2 protein chains.
Amino acid sequence: METARIGRQVIRLRHPPGVVSFASIGGRMESRGPLAGRFDELDEDPFFGQKTWEQGEAAMQSRVVRRALHKAGLAAPALDMVFSGDLLNQCIGSSFGLREFGIPFYGVYSACATMGSGLSLAAMLIDGGYARLAAAAASSHFCTAERQYRMPVPYGSQRAPTAQWTVTGAGCCILGERGNGPYITHVVCGRMVDMGITDASNMGAAMAPAACDTLSALFRETGTRPADYDLIVTGDLGQLGRNVVAELLERDGFPVGISYTDCGLLIYDRERQDMHAGGSGAGCSASVLCGHLLQGMREGLWQRIVFAPTGALLSPTSTFQGESIPSICHAVVFSNRKES
Amino acid sequence: METARIGRQVIRLRHPPGVVSFASIGGRMESRGPLAGRFDELDEDPFFGQKTWEQGEAAMQSRVVRRALHKAGLAAPALDMVFSGDLLNQCIGSSFGLREFGIPFYGVYSACATMGSGLSLAAMLIDGGYARLAAAAASSHFCTAERQYRMPVPYGSQRAPTAQWTVTGAGCCILGERGNGPYITHVVCGRMVDMGITDASNMGAAMAPAACDTLSALFRETGTRPADYDLIVTGDLGQLGRNVVAELLERDGFPVGISYTDCGLLIYDRERQDMHAGGSGAGCSASVLCGHLLQGMREGLWQRIVFAPTGALLSPTSTFQGESIPSICHAVVFSNRKES
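Owing to the predicted nature of the structure, the values given are computational and were not obtained by experimental measurement.

Which parts of the structure should I look at to understand the pairing of strand 2 (residues 18-26) of chain B?
Residues and elements named next belong to chain B. Most of strand 2 is tucked away, with eight of its nine residues classed as buried. Sheet topology places strand 2 next to strand 8 (residues 169-176); eight bridges connect them, and they run antiparallel. Bridging across to strand 8, Ile25 finds its partner in Ala170. Bridge analysis of strand 2 against strand 3 (residues 41-42) gives two bridges, and the strand direction is parallel. By the bridge assignment for strand 3, Ile25 is matched with Glu41.

Where do I start with empty space enclosed by the protein in this structure?
Residue and element names in this part refer to chain B. Here the structure, examined in full by the defined rule, presents five cavities of 30 Å³ or more. There is about 50 Å³ of room inside the largest cavity. In terms of residue count, helix 2 (residues 53-71) provides more of the lining of the largest cavity than any other element does, three residues in total. Partitioning the lining of the largest cavity into residue classes produces three nonpolar, three polar and two charged.

Any chance you could explain the packing of helix 6 (residues 203-222) of chain A against helix 7 (residues 238-251) of chain A here in plain terms?
Two packed helices can be described by the angle between their axes and the distance between those axes. Residue and element names in this part refer to chain A. Viewed as axis vectors pointing N to C, helix 6 and helix 7 meet at an angle of 40°, and their least axial separation amounts to 8 Å. One finds that helix 6 runs oblique with respect to helix 7. The chirality of how helix 6 crosses helix 7 is right-handed. Two secondary-structure elements touch here, helix 6 through Gly204, Ala205, Ala208, Pro209, Ala211, Cys212, Leu215, Ser216 and Phe219 and helix 7 through Gly241, Val244, Val245, Leu248 and Leu249. The residue makeup of the contact of helix 6 with helix 7, split by class, is eleven nonpolar, three polar and no charged.

I tried to follow the nonpolar core on my own but got confused; where do I start?
One broad rule of soluble globular proteins: the nonpolar side chains tend to lie buried together. Among the nonpolar cores identified, the biggest contains 170 residues, and Leu119 and Phe334 of chain A together with Leu119 and Phe334 of chain B are the most heavily contacted of them. Not counting chain neighbours up to four residues away, the residues in contact with Leu119 of chain A comprise Ala136, Cys173, Leu175, Ile184, Leu289, Phe307, Val332 and Phe334 of chain A. The next biggest cluster of nonpolar side chains, apart from the first, holds 31 residues, and it includes Leu218, Ile232, Val256 and Val306 of chain A.

Which parts of the structure should I look at to understand the environment of Val20 of chain B?
With respect to the helices, strands and loops of the structure, Val20 of chain B is situated in strand 2. Every residue in contact with Val20 of chain B, bar those within four places of it in the chain, is listed here: Ala72, Leu74, Leu133, Ile174, Leu175, Gly176, Gly179 and Arg298 of chain B.

Which parts of the structure should I look at to understand the environment of Tyr268 of chain B?
All names here are of chain B. Following the sequence through the fold, Tyr268 ends up in the loop between helix 8 (263-266) and strand 12 (279-280). The class for Tyr268 is buried, based on a relative accessible area of 2%. Separated by 190 residues in the primary sequence, Tyr268 and Ala78 place their C-alpha atoms 35 Å from one another. If sequence neighbours within four positions are ignored, Tyr268 has contacts with Met29, Glu30, Pro34, Trp165, Thr166, Val167, Thr168, Gln273, Met275, Gly278 and Gly279.

Conventions used here
- Residues numbered from 1 in each chain as written.
- Chains lettered and ligands numbered in written order.
- Predicted model: local features only at pLDDT ≥ 70, side-chain atom pairs only at ≥ 80, totals over all residues.
- Heavy atoms only, no water.
- Buried < 20%, exposed > 50% of the residue type's maximum accessible area, 1.4 Å probe, protein only.
- Helix = DSSP H or I, 4+ residues; strand = E, 2+ residues; numbered from the N terminus.
- Pairing = 2+ DSSP bridges.
- 1 Å grid on protein atoms, 1.4 Å probe; cavity = no way out; pocket = protein on both sides within 12 Å on 5 of 7 lines; lining within 4 Å.
- Points joined across faces, edges and corners; volume = space filled by probe spheres on them.
- Nonpolar A, V, L, I, M, F, W, Y, C, P; charged D, E, K, R; others polar.
- Axes fitted to C-alpha atoms, helices over the stretch in contact; angles between N-to-C directions.
- Parallel < 35°, antiparallel > 145°, perpendicular 65-115°, else oblique.
- Left-handed = near helix turned anticlockwise from the far one by under 90°.
- Contact = heavy atoms within 4.5 Å.
- Core = buried A, V, L, I, M, F, W, Y, C linked by side-chain atoms within 4.5 Å.

Encoded structure:
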C-alpha cells in the first residue's frame, strides 16, 4: 500500500482533513489579555459554575466541545471520535467533562502538547477513512495546576522569573473530511527528547530541544524552510524557551525570523499582567489555536502555519526523585489550500 | 473515500495488521500465579533494579519494549510509532520508560483500558499506511498504584472483599503490515459510560457497563454472536465485574457462556494467593495479552478472540469530591485468519 509517511516523523495527508468548527474558552486572566476578543467565551468565575476547580475544568471542556458543535450546527452523535486530554492526574478534566456526550473517546496525554497529539491522530484517522468527523480538545486551569503541581494557591508563593502562568482555558477543534478549512496537510509525530534539565520552574528551556527536534524534522523531511510558513507557533515555551528554539533551529540550519512565536507569548501582556516568562498549560496552545490562530487563517492573516505545542512529560513525583524532564512536541501544518 | 467504519463504534480493518512480536514482564505475585510460565521475564525485585518503585515501573516498560523488539530481531528505529500509557500521574511509567528509544511517541491514557486504546490506534494507523511497524505498551505496578491511589504500602491496610490486586507487570505488542499474526481485524472504539457508582473499591462493578456497551456494539454492528469468538476476555473486572457483564450482555440479547473470562481472573489463583476479586491495573490485561493470550492463539488454542480491557476514568481527587466513576472499554478482535 502507498504509504503516507515521507520520513521518520512526517506524514503527508493524502486527503487533508479540514477544520469544520472550533471554539475556545478562557478565564479571568485571559479576559484581560491581548487575545480576549478571540475567545468564544470568557468566564470570570474560576469554578465555571461548579463546586470545585477540577469540576470547573471539566465544565470548560464540556462547554467548549458543545460550543464547537453548536457553531457548526452539529449534535454530539455527528462526531465519530473525540481525542482529549489535560494536565490533571488521570486526566479527569477530559473524562468528567466529556462523559455525557456518548462520543467514542480516546484519552491522550502529552502534557502541554496534548492538542498537537489529538489533532494529529484525528487528522490521520479522518484522512484514512476511520472517521468522518472527529474532535480534538484540551484544557488547563491555573488553580487545579497550581495545587497539583506546585503550592496551595492561597500561599501566594513567590514565582521564579523563569516561571510561567498556567492558562485557564480550553479549546476544541472539529475536523472533517469535508471541512471548510484550513486543512491539516502534514502531521509531525514527536519523539521524546531529554537534555538532562531538572529545573521544573524553567520548563520552557527543558522543552525547547523537543520543539527543535520536531520542527527540524518537518523542514528536513518535507524539504521546506521556515520562510515557507507564514507563522510557526509553539505552544507554551514562553520567552526563554522561544529564544532557545530560535537558537537551536539556527544551529540546525533553519533560521527562523519574526514569523516564529509562541502561544504563551501571545495570550498575555507579560509586562502589564506580570506573567513572567509567559503562559503555559495544555489549554494555552489549545485556546490560542481554536480562537486567534484559526480565526486569523480564515481572515487571511496567514495562509500556512505550523502549530507545534510542546509537553514536559514529568510529574511532581519524578521531580522529587531527582529526574530530568523528558519533553515532546507534536506538530501539524495548517494550510488554507487543501493540497498537501 | 470508502469508509472503514461499519457503525457507530466498530471499524473493520481493510488490511488487518499482524502481530510481529510481543513480550510481557511480571513481578513476584505474578511469578506465583497460574500464568507464570507465560511471561518472558519475571523479577522478584519490586524495584526492577532501580531506586524507586516509579523508576522500577519505567524500567519494566523499557525492558518489555526492548524484549519485544529483540524477539523480532528488530532495533528501535524500525518502529514508526509507539503508543503507551500507565496509571501513574502524568503517565511517567511510559515517558521515563521509553524516553531513550527515540521512537515517535503518542501517550495514551484510558486507565486500565490503555492497552486496548493503544492497540486500536496502532492497528488503524498501520492499516491506513501511516506506520509500517508500531508498538502498543502499558504497565502497572502494585506499589506505585497503592501509594498513589490508596494507602502507603507499609500500613498493610485491610482490603474490601470486592477489592482487586494491582498487577505488577507490563506488556508490549508490535504490530506490522506484514506481521505473522494473529491479525487485528476489528477495532471497537469505546464510549464513556457512568452508571453513578461511587465505590472506588468495587471498580469491577463500575466498569462492567462500559464493557457491556463496547461488546454489545461489536456484536450488533458486525452481526456476530458471542459464540462466533473462541474467547472473549475483558481486562480487569475481576469476579464480580465479570458476572455483571455476563448478566448485562444476556439482557442485551448476547448471552456469553464459558468462553467469556477476564484477565484479572486468569493471572492469579484467587484462593491460594488471597487475591479477593482478582487482578487489576493497566499491566494486567497488557501482560496477559502479550503472554498467555497471543501465545495461545499462535498455539491454536483459540482462532478468534475479543480483547476488551476496561478503564475506570477516576482519580483520588474525583473520589474525594464525591464523583461517580466514568468507565470505558476499548476492544480489538484478534484472528488467526487475515480476512476481516
